[in-house]
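Report on the structure
The lines below spell out each chain.
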Amino acid sequence: MKIGLFFGSFNPIHIGHLIIANTMATTTDLEQVWFVVSPQNPFKKTKSLLHEFDRFDMVERAIADNSRLKATDIEFSMPKPSYTIDTLTRLSEKYQQHTFTLIMGEDNLEQFANWKNYNKILEYYGLYVYPRPRAQESPFKANPNVRLVESPLLDISATFIRDSIRSNRSIRYMVPDVVEEMILRKKFYV
């Protein structure tokens, strides 16, 4: 099976993530998209990061009705911070029957050369890249192992959602109903 890996903090998962994952799963040759919930992103501060088990639970609830989408906690047992190449290697060893590719936003191409072993990611896994607002041009777009995938141009941020929660503003329609219910019930991000 060919699987696209969508890495992120998903703090919280929102409709932007779900639209991108579903677009990748339904308009490309990917048979499934796996959400790789990262305990700690080496490029992000962890100050407002919800516990990884809660974020994983929200992802699982958000995708429960879509058999093409799956969540994985593979990074929870790996050294922190998590590096994408190490996770790709671990998944490839664990699921030798599958092939994996990396899904990323066009804005991440700007910093891709700073990623650990980025050249190996390109060579062995490749990238499926979705458009992002205000993304800069990148020489990686011309790489034969980079596939640009037409998808909605979304500018929804988890930071905006967390700020809305702290300000007691509605997050309806920004996150799935099951995620909103969990956030409100457990008083996440307040």
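Given the structure is predicted, the values throughout are model-derived calculations rather than measurements.

Cut-offs and rules
- Residues numbered from 1 in each chain as written.
- Predicted model: local features only at pLDDT ≥ 70, side-chain atom pairs only at ≥ 80, totals over all residues.
- Heavy atoms only, no water.
- Phe/Tyr/Trp six-rings, centres within 6.5 Å; stacked < 30°, edge-to-face > 60°.
- Helix = DSSP H or I, 4+ residues; strand = E, 2+ residues; numbered from the N terminus.
- Lys NZ or Arg CZ within 6 Å of the ring centre and 35° of its normal.
- Contact = heavy atoms within 4.5 Å.
- Expected span 1.5 Å × (residues − 1).
- Buried < 20%, exposed > 50% of the residue type's maximum accessible area, 1.4 Å probe, protein only.
- Arc of directions from axis to C-beta.
- Axes fitted to C-alpha atoms, helices over the stretch in contact; angles between N-to-C directions.
- Nonpolar A, V, L, I, M, F, W, Y, C, P; charged D, E, K, R; others polar.
- Salt bridge = Lys/Arg side-chain N within 4 Å of Asp/Glu carboxyl O.

The full count for this structure, using the stated rule, is 13 aromatic pairs. Look at Trp34 and Tyr95: their rings are 5.2 Å apart centre to centre, the planes differ by 80°, and that puts the pair in the edge-to-face class. Of this pair, Trp34 sits in strand S2 (residues 32–37) while Tyr95 is found in the loop between helix H3 (84–94) and strand S4 (99–105), placing the two residues 61 residues apart along the sequence. Following the ring pairs from residue to residue traces out a cluster consisting of Phe6, Phe10, Phe35 and Tyr130. Seen from the ring of Trp34, Lys70 lies directly overhead, with NZ or CZ sitting 4.1 Å from the centre. Here Arg169 stacks its cationic end above the ring of Phe160, 5.7 Å away from the centre of that ring.

The next point concerns the environment of Pro152. For Pro152, the position within the fold is in the loop between strand S6 (146–148) and helix H5 (158–166). For the pair formed by Pro152 and Phe140, sequence separation is twelve residues and the distance between their alpha carbons is 21 Å. If sequence neighbours within four positions are ignored, Pro152 has contacts with Ile19, Ile20 and Thr23.

Here the focus is helix H2 (residues 52–63). Every α-helical turn comprises 3.6 residues, leaving residues that sit three or four positions apart pointing alike. In this model H2 runs 17 Å from its N-terminal to its C-terminal C-alpha over twelve residues, within 8% of the 16 Å that 1.5 Å per residue would give. Taken as a whole, H2 has its buried residues at Glu52, Arg55, Phe56, Met58, Val59, Ala62 and Ile63. Looking straight down H2, one finds that the buried residues subtend no more than 160° of arc, so they occupy a single side. In the core, the buried residues of H2 are packed alongside helix H1 (15–27), S2, strand S3 (69–72) and helix H6 (177–186).

Each pair of packed helices can be summarised by the angle the axes make with each other and by the distance between the axes. At a closest axis distance of 8 Å, the pairing of H2 and H6 adopts a crossing angle of 150°. Two secondary-structure elements touch here, H2 through Asp54, Asp57, Met58, Arg61 and Ala62 and H6 through Val178, Val179, Met182, Ile183, Arg185 and Lys186. Here the contact of H2 with H6 is composed, by residue class, of six nonpolar, no polar and five charged.

Attention shifts here to the pattern of salt bridges. The final tally for this structure, using the stated rule, is ten salt bridges. The partner of Arg61 in a salt bridge is Asp57, with the nearest N and O atoms 3.2 Å apart. Separated by four residues within a single helix, Arg61 and Asp57 lie in helix H2, roughly one turn from each other. With relative accessibility at 22%, the residue Asp57 sits in the partly exposed group. Overlapping salt bridges, with partners in common, bring together Lys2, Asp29 and Arg147 in one network.

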